[in-house]
Number of protein chains: 2
Amino acid sequence: MTKLVPEKTGKPTVNDVARVAGVSLATVDRVLNARPGVRSVTIERVNKAIRDLSYVRDTAAANLARRRIYNLLFVLPATQNEFVAALEAQIAAQSENLQTDRTRLSIVKVPAFDPQELVRIVESIDPAKIDGIAVFGPETPSVRDALHHVKEKGIAVVSLVSDLPSSSRDHFVGIDNVSAGKTAAQLMGRFVPGNHGKILVITGSRLARDHLERRHGFDEVMASEFPEFKILPSLEGRDDADLLLKLLPPLFAKHPDIRGIYSSAAGNDGLIQFLRENALDQEIVVVGHELTPLSRAALETGIFDVIISQDTGHLVRSAVRLLRATADDAPFNPAQERIRIDIYLKENMPPE
Amino acid sequence: MTKLVPEKTGKPTVNDVARVAGVSLATVDRVLNARPGVRSVTIERVNKAIRDLSYVRDTAAANLARRRIYNLLFVLPATQNEFVAALEAQIAAQSENLQTDRTRLSIVKVPAFDPQELVRIVESIDPAKIDGIAVFGPETPSVRDALHHVKEKGIAVVSLVSDLPSSSRDHFVGIDNVSAGKTAAQLMGRFVPGNHGKILVITGSRLARDHLERRHGFDEVMASEFPEFKILPSLEGRDDADLLLKLLPPLFAKHPDIRGIYSSAAGNDGLIQFLRENALDQEIVVVGHELTPLSRAALETGIFDVIISQDTGHLVRSAVRLLRATADDAPFNPAQERIRIDIYLKENMPPE
DNA sequence: TTGTAAGCGTTATCAG
DNA sequence: CTGATAACGCTTACAA
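From a predicted model like this one, the values you see are computed outputs, not experimental measurements.

Scoring rules and cut-offs
- Residues numbered from 1 in each chain as written.
- Chains lettered and ligands numbered in written order.
- Predicted model: local features only at pLDDT ≥ 70, side-chain atom pairs only at ≥ 80, totals over all residues.
- Heavy atoms only, no water.
- Least-squares fit on C-alpha atoms with pLDDT ≥ 70 in both.
- UniProt positions renumbered as here; feature names shortened; annotations may be inferred.
- Helix = DSSP H or I, 4+ residues; strand = E, 2+ residues; numbered from the N terminus.
- Contact = heavy atoms within 4.5 Å.
- Near = heavy atom within 4 Å.
- Polar contact = N/O pair within 3.5 Å; in protein donor to acceptor, adjacent residues only side chain to side chain.
- Nonpolar A, V, L, I, M, F, W, Y, C, P; charged D, E, K, R; others polar.
- Buried area = accessible area lost by both parts, 1.4 Å probe.
- Salt bridge = Lys/Arg side-chain N within 4 Å of Asp/Glu carboxyl O.
- Buried < 20%, exposed > 50% of the residue type's maximum accessible area, 1.4 Å probe, protein only.
- Pairing = 2+ DSSP bridges.
- Right-handed = clockwise from strand over helix to strand, strands pointing away.
- Phe/Tyr/Trp six-rings, centres within 6.5 Å; stacked < 30°, edge-to-face > 60°.
- Lys NZ or Arg CZ within 6 Å of the ring centre and 35° of its normal.

As for the relation of the copies chain B and chain A
Here's step 1: Between the two copies, chain B and chain A, the superposition gives an RMSD of 0.1 Å; the rotation angle is 180° and the shift along the axis is 0.0 Å. Accordingly, the operation relating the two chain copies is best matched by a two-fold axis.

Right under this line is the structure:
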């Protein structure tokens, strides 16, 4: 439709502020951007005008004038798992559309579960080239310090998927992993017929905070609501299918009466292969994490019963929005940035 | 952080296109916006330049210059239920932030389940004032025709929550309700101990397509995967707590062995009250729809066992994006607009 | 310490 | 049919 006479927005502009405050555009801009060289009286006068008019700056116009480009870096673990691959794919896909929004995305991969290397890479980030980073990695004191350093250089920092709460990250982008573990337990408890039996928990790494949190949540609900179950000690899979295929057979030999498996890490291939080969898929309730091609197929064929997931598209979009917002400390909408704990049954899987 | 020397984007602009095509800015703009008054030779020359440079227009700059304001109207049913209230709240909340994005949101309420009145209101929409509408309403031939008319006037149309597939709506913003019903059935089948018994389905209105679709999905999965259950005929609640409180007692007198209830509409208050008063809450598995204050409390206290939901914030944001995109037929990201079927247990409810 | 004026990428209003 | 040229709201040299 063609609007011949677009109604004016009526919103106050810098010009209005300047007029009301009795100063020039440049001065308004200076206080707006907290630039030096303005007397405090003048600052106050401008601020009053801003308040009186309830002025709010037009970010689009500002960015246009600034020719500003946001350079954002995703620091991801160099594992083979599908979840990380999905994240990478999302980053690639979105960086196309983000060209329009003056935002450049890049990725650097760090050897998995290797804090040293992570620290090295983070420390080497050039603040002249990068405005913000999203870090998916382990939580160690050295990592915390490294993040503190980049923050001090003026780079925005968010932790991704696995939180780094002791660090100076500006935000965490990911699900509440304790709740995710609790959710898994509730579903496990309800789904296993007769509501009792042995449960196996497969985890990824002891260094991965997300995995630990899930385990805690799982144990808590299992203990309080389903005490008839017996939870076996965790199996540490380390995203390594071969390792799992070695560990699983003796374990099942010892405990042939396992009734449920909670696969709390993202690497599902070893487990799926084992279950299929041993025709165990229909007898055991399996709760997995992250909707990926493999886990999706497992859900469709009944090998998996539930998948707890987080939307990788949302994860990336949220990280970008948050990074940009903290880079020019603008406000953001917390509700929009809350990553949901998605529960998938074969009935509500999204298409494709 | 302050970027002293912002790197240039390097992206081609209208100026580049004009230069390469050997025409003026104005002419480029004309073909860009498909305005009349350009020889087809010139058009082709400009288009070639656009292609060669792989130019893509800067929407921010365009909107700035246009002073364009998007006026969007939400047409909602005038029911008392909490879900619609949540939608309204989201619309109100988001319209604040959208001021920055040159987007104005407004709401009009139509008597629930009243196609006549809906038609009247839709037909009276002035295309000079409104750029797009999001309609949450019943599907009837007259509604379809009315929507066809507004579309012809150049107004963008999306259906909200409940689809109007036979109409000329540009998009549907909402969940796949058949899948939602299937999901409810799967959870019901798994959660009821012993996996058998009588199931009651409470629906809203026969005119509401979303409710019908849910019922279909529910029945399908129940029949194929849980044939031991007996599904009773639907109860039509019409979002009316008093009505339900009248209908429920005789029904339970007749079927004291009901083991599960699928409340497929959004109005849950009557049901919750009945269950609590009759101390039936712990014995019956209840699957409800839409996370609202009431249903959330019911989930926390164990009256409800599962809630299937759709994020009202996402619904509104998605409707706005889609309406804006079709208004100036720009592309959009389908993945971002897909509304998920959320499953909530008490363990994964979002905070607050 | 403050102001003037040019410019960011696009659209719109005039003339020609 | 086509082309200058002035906006849009904001930033930023460069002056004053």
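From this point, the narrative continues.
As for the UniProt feature "domain: HTH lacI-type" (unreviewed entry) in chain A
Here's step 1: In the numbering used here, UniProt assigns the feature "domain: HTH lacI-type" (unreviewed entry) to residues 12-66 of chain A.
Here's step 2: Annotation note: span residues 12-66 of chain A, helix share 69%, strand share 0%, distance between end C-alpha atoms 20 Å.

Details of the environment of K198 of chain B
Here's step 1: Here K198 of chain B shows up in strand β6 (residues 197-203).
Here's step 2: Once you skip the residues sitting within four places of it in the chain, K198 of chain B turns out to touch K230, L232, H255, D257, I258, R259 and G260 of chain B.

Side note on the protein's contact with DNA strand C
Here's step 1: Residues in contact with DNA strand C amount to 26 residues; listed here are only the nearest, R30 and T42 of chain A together with V14, D29 and Y55 of chain B.
Here's step 2: Taking all atoms of DNA strand C within 4 Å of the protein, the share assigned to sugar and phosphate is 68%.
Here's step 3: The separation between a phosphate oxygen of DNA strand C and a polar main-chain atom of S24 of chain A is 2.8 Å.
Here's step 4: At a separation of 2.8 Å, a phosphate oxygen of DNA strand C approaches a polar backbone atom of R39 of chain A.
Here's step 5: Of all the secondary-structure elements, those providing two or more residues to the surface near DNA strand C are α2 (25-32) and α4 (59-66) of chain A together with α1 (14-21), α2 (25-32) and α4 (59-66) of chain B.
Here's step 6: Its residues assigned to classes, the surface near DNA strand C shows 11 nonpolar, 7 polar and 8 charged.

With respect to the environment of P165 of chain B
Residues and elements named next belong to chain B.
Here's step 1: Along the chain, P165 turns up in the loop between β4 (156-160) and β5 (171-173).
Here's step 2: For P165 and L275, which are 110 residues apart along the polypeptide, the C-alpha to C-alpha distance reads 36 Å.
Here's step 3: Setting aside anything within four residues of it in sequence, one finds P165 in contact with E139 and R209.

Some remarks on the interface of chain B and chain A
The parts lose accessible area when they come together, and the size of an interface is often stated as this lost area.
Here's step 1: Each partner contributes residues to the interface: chain B has 55 residues there, and chain A has 55 residues.
Here's step 2: For the pair chain B and chain A, the summed buried area comes to about 4,900 Å², and 49% of that belongs to carbon and sulfur atoms.
Here's step 3: Counting across the chain B and chain A interface gives 10 salt bridges.
Here's step 4: Our count for the chain B to chain A interface comes out at 12 residue pairs in polar contact (both at pLDDT 80 or more).
Here's step 5: Ranked by residues supplied to the side of chain B that touches chain A, first place goes to helix α8 (residues 177-191) of chain B with 7 residues.
Here's step 6: Considering only residue class, the side of chain B that touches chain A consists of 19 nonpolar, 13 polar and 23 charged.

Some thoughts on the pairing of strand β11 (residues 306-309) of chain A
Residue and element names in this part refer to chain A.
Here's step 1: Here β11 shows two buried faces, one formed by V306 and I308 and the other by I307 and S309.
Here's step 2: Examined bridge by bridge, strand β10 (residues 285-289) and β11 share 3 bridges and lie parallel to one another. Residue V287 lies in a different strand from β11, and its bridge partner there is V306.
Here's step 3: In terms of handedness, the path from β10 via helix α12 (residues 293-300) over to β11 forms a crossover that is right-handed.
Here's step 4: Examined bridge by bridge, β11 and strand β12 (residues 342-344) share 3 bridges and lie antiparallel to one another. Directly across from I307, in β12, lies its bridge partner Y344.

Focus: the packing of aromatic side chains
Here's step 1: Per the counting criterion, the structure on display carries 9 aromatic pairs over all chains.
Here's step 2: With 4.6 Å between their ring centres and 25° between their planes, F218 of chain B and Y262 of chain B make a pair best called stacked. Taken together, the residues span a long stretch of sequence, with F218 of chain B in helix α9 (residues 209-225) and Y262 of chain B in strand β9 (residues 258-263) at a distance of 44 residues.
Here's step 3: The interplanar angle of 70° and the centroid separation of 6.2 Å between the aromatic rings of F226 of chain B and F229 of chain B together place this pair among those described as edge-to-face. Considered together, F226 of chain B and F229 of chain B belong to a single accessibility category, that of buried residues.
Here's step 4: The ring centre of Y70 of chain A lies 5.6 Å from the NZ or CZ of R324 of chain A, which sits over that ring.

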